[in-house]
Amino acid sequence: MTTIQWTEAMSVGDEALDNDHKHLIHLINGLHYSDESFIELFNDLLDYIGTHFDREEAHLEAVGYPGIEKHRAQHDVFADQVGVMLKQYREEGFAETDQRVSDFLWTWLKGHILIEDLKYAAWTKARHTL
């Protein structure tokens, strides 16, 4: 299974949000279909994603980020997609060699942090240095 490591290149400049991202990485690294607690871990991940998205969106509102609605919509689509995967797993299960959940989570998380989250980080930094 692919794992990812936190790097400073992922930092959005806010300690709480960076810690959320580190925890999300930890949770995703811990998902293994063969683990008896996969459903519990997946549910924990889904719950934590909701908590993180709420915290991040509150931060974006507080700093007046102009792209908040697009950002929020991306969060909503992601949460829906993860919910569909969880439902599918509950109904059908996944083979141990099936990497679609981890691949999807990694692809989305890396892309979201390194592209979308860094957009608001750059905007916030520029706004505070003007």
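Look up: the structure comes first, before these words.
Keep in mind that what you see is a predicted model, and the values were worked out from it rather than measured.

Turning our attention to the overall build of the chain. Per the secondary structure count, the chain includes four helices and zero strands. Helices and strands in the chain line up, N terminus first, as α-α-α-α. In terms of C-alpha radius of gyration, the chain reaches 16 Å, essentially the compact-globule figure of 14 Å for 130 residues. Over its C-alpha atoms, taken along the principal directions, the chain stretches across nearly 55 × 25 × 20 Å. Within the chain, the proportion of its 130 residues that are buried is 39%. In the chain, the proportion of contacts linking residues at least 24 apart, taken out of those at least 6 apart, comes to 70%. Here the chain has roughly 7,200 Å² of accessible surface; of this, 53% comes from carbon and sulfur atoms. Here the chain contributes 11 positively and 24 negatively charged side chains, and the mean placements of these two sets differ by 7 Å.

All right, on to the side chain of Asn29 then. By the secondary structure assignment, Asn29 is in helix 1 (residues 15-29). Within the structure, the side chain of Asn29 is placed 3.0 Å from the backbone oxygen of Ile4, a separation counted as a polar contact.

For the rest of this paragraph, the subject is the packing of helix 2 (residues 38-63) against helix 3 (residues 68-92). With their axes 11 Å apart at the nearest point, helix 2 and helix 3 run at an angle of 175° to one another. Considering the angle they form, helix 2 stands roughly antiparallel to helix 3. Of helix 3, the residues touching helix 2 (which contributes Phe38, Ile39, Phe42, Asn43, Leu46, Ile49, Phe53, Glu56, Glu57, Leu60 and Glu61) are Ile68, His71, Arg72, His75, Phe78, Ala79, Val82, Gly83, Met85, Leu86, Tyr89 and Arg90. Split into classes, the residues belonging to the contact of helix 2 with helix 3 amount to 14 nonpolar, four polar and five charged.

Right, let's talk about the pattern of salt bridges for a bit. Summed over all chains, the structure comprises six salt bridges. The partner of Glu69 in a salt bridge is Arg72, with the nearest N and O atoms 2.9 Å apart. Taken together, the positions of Glu69 and Arg72, both in helix 3 and three residues apart, correspond to about one turn of that helix. The exposure class of Glu69 is exposed, given its relative accessible area of 51%. One network of salt bridges, in which partners are shared, links Glu57, Glu61, Glu69 and Arg72.

To continue, consider the side chain of His112. Assignment of secondary structure puts His112 in helix 4 (residues 100-129). Among the polar contacts listed, one links the side chain of His112 to the side chain of His75, at a separation of 3.1 Å. Ignoring any residue separated from it by four or fewer positions in sequence, one finds His112 in contact with Glu56, His71, Gln74, His75 and Asp117.

Once that is clear, we can look at the nonpolar core. Core analysis: the biggest nonpolar cluster contains 25 residues, and Phe42, Leu45, Phe78, Leu105 and Leu109 have the highest contact counts within it. Mapped onto this core, the elements with two or more residues apiece are helix 1, helix 2, helix 3 and helix 4. The residues touching Leu45, leaving out its near neighbours within four places in the chain, are Leu24, Leu27, Ile28, Leu31 and Leu105. Counting residues in hydrophobic clusters, the runner-up holds eight residues, among them Val12, Val63, Tyr65 and Ile68.

So, how was this worked out
- Residues numbered from 1 in each chain as written.
- Predicted model: local features only at pLDDT ≥ 70, side-chain atom pairs only at ≥ 80, totals over all residues.
- Heavy atoms only, no water.
- Helix = DSSP H or I, 4+ residues; strand = E, 2+ residues; numbered from the N terminus.
- Rg over C-alpha atoms; globule rule 2.2 N^0.38 Å.
- Buried < 20%, exposed > 50% of the residue type's maximum accessible area, 1.4 Å probe, protein only.
- Contact = heavy atoms within 4.5 Å.
- Areas by Shrake-Rupley, 256 points an atom, 1.4 Å probe, with all protein chains shown as cover.
- Lys, Arg positive; Asp, Glu negative; His and termini not counted.
- Charge placed at Lys NZ, Arg CZ, Asp CG, Glu CD.
- Polar contact = N/O pair within 3.5 Å; in protein donor to acceptor, adjacent residues only side chain to side chain.
- Axes fitted to C-alpha atoms, helices over the stretch in contact; angles between N-to-C directions.
- Parallel < 35°, antiparallel > 145°, perpendicular 65-115°, else oblique.
- Nonpolar A, V, L, I, M, F, W, Y, C, P; charged D, E, K, R; others polar.
- Salt bridge = Lys/Arg side-chain N within 4 Å of Asp/Glu carboxyl O.
- Core = buried A, V, L, I, M, F, W, Y, C linked by side-chain atoms within 4.5 Å.

Geometric descriptors of this kind do not, in isolation, establish any biological role.
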